[in-house]
Amino acid sequence: MIPSTRLSKKLGLRKLYLKEDFTNPTHSFKDRAASVAVSKALEFRLNAVGCASTGNLAAAVSARASRAGLPCYIFVPKGVEKEKLSHALSYGARLIIVDGTYDEANWMAARFAEEYNVGIVNVNIRPYYVEGSKTLAYEICEQLGWRTPDHIIIPMASGALLNAIDKGLRELKTIGLIEGEVRVSGVQPEGCCPIVSAYKENTEYIKPVREINTIAVSLAIGNPGDGVYALRTIRRTKGVAVAVSDREILEAVKELAQLEGLFVEPGAAVTVAGLKKMIEEGSVDRDEEVVCLLTGSGVKTPSIIQEYTINPITVKPSTIELSKILEVRKTG
Ligand SMILES: Cc1ncc(COP(=O)(O)O)c(C=O)c1O
């Protein structure tokens, strides 16, 4: 839990924490989910493991499978960043690129699981996957000295993480380790925001999105499996659901990097972009203690750096060239 200094000042917030969850072994929060699910697959003596992935789960499951000595099958849609695919391949996984959307890749993975007794972590052993994710909520409270923040802001694709956080909080409350209510809010990219649309239309019906277009590739799930439950959680906890544009996401990536020294991927930066929108809309009080989850590393999506960095300069190794360096800083 990193207490924000410069970003919170810019936003005019009393207390903002950035939950750094992108320095896990494969650089996203998915290591939590994959580690519990693959352990369960071993216990159940399944033949192999795998997942349907928008990018981050692929590496997390592949890495755990390699340690467990199990074959691993990863189903991804077209369009996942090549760095994320190479990462998963490095652990020796079998990578299947489905010529279609994430929902179609997920459908293929589910059929494969039924046919071959394979533990697809986010399909037939999904309850254990969720048990792993909820530890993020435990850790937030533990790192605050066993108390709750006022508000947690979470990126949403399938909606599973948001529900897992809520489950973790409810469990801690049941056993008396924490008290108080936490607002749980979710953020999606505008180019794929079926949960946010249902929230805004005040319905429980999640209309699947077919034409997906977003820089936050890891959140590109058109038909979110846990969407209805995420909606209920947001409403029950008096949270909100907001959608943010690609431009707003990139701005948040830049602010996190250049104000806080944290380089995250677009799918993670949505929480900060969403927080800004909530402040504008008046759905976050400046006195609230807010936690933004940062769930994936920018190192896995390096191409986004080109969108906002100042070009490097090339100089000759001579003292005469030194003055050029400061000039660039001034204009840059
Ligand atoms: C970086 C990142 N954050 C958040 C999520 C949201 O996950 P969920 O599908 O549980 O809503 C994902 C999903 O892949 C992700 O990759």
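What counts, and at which threshold
- Residues numbered from 1 in each chain as written.
- Predicted model: local features only at pLDDT ≥ 70, side-chain atom pairs only at ≥ 80, totals over all residues.
- Heavy atoms only, no water.
- Domains from an automatic or database assignment.
- Contact = heavy atoms within 4.5 Å.
- Buried area = accessible area lost by both parts, 1.4 Å probe.
- Salt bridge = Lys/Arg side-chain N within 4 Å of Asp/Glu carboxyl O.
- Polar contact = N/O pair within 3.5 Å; in protein donor to acceptor, adjacent residues only side chain to side chain.
- Helix = DSSP H or I, 4+ residues; strand = E, 2+ residues; numbered from the N terminus.
- Nonpolar A, V, L, I, M, F, W, Y, C, P; charged D, E, K, R; others polar.
- Buried < 20%, exposed > 50% of the residue type's maximum accessible area, 1.4 Å probe, protein only.

1. Considering the domain arrangement of the chain
Each assigned domain of the chain is listed here: domain 1 (2-26 + 130-307) and domain 2 (32-126). Each partner contributes to the interface: domain 1 provides 24 residues, whereas domain 2 provides 18 residues. Each partner contributes to the roughly 1800 Å² buried at the junction of domain 1 and domain 2, and carbon and sulfur atoms together form 49% of this total. Counting the contacts that link domain 1 with domain 2 gives 4 salt bridges. Note that Glu139 and Arg32 form a salt bridge whose closest N and O atoms lie 3.0 Å from each other. For the pair domain 1 and domain 2, the interface holds 12 residue pairs in polar contact (both at pLDDT 80 or more). When residues of the side of domain 1 that touches domain 2 are traced back to their parent elements, those giving at least two are α6 (126-133) and α7 (135-143). Counting residues per element, the side of domain 1 that touches domain 2 draws most heavily on α6, which supplies 4 residues. Considering only residue class, the side of domain 1 that touches domain 2 consists of 7 nonpolar, 10 polar and 7 charged.

2. Section: the environment of Arg170
For Arg170, the position within the fold is in helix α8 (residues 160-174). Residue classification places Arg170 among the partly exposed residues on the basis of a relative accessible area of 43%. Residues Arg170 and Val290, 120 residues apart in the sequence, show an inter-C-alpha distance of 18 Å.

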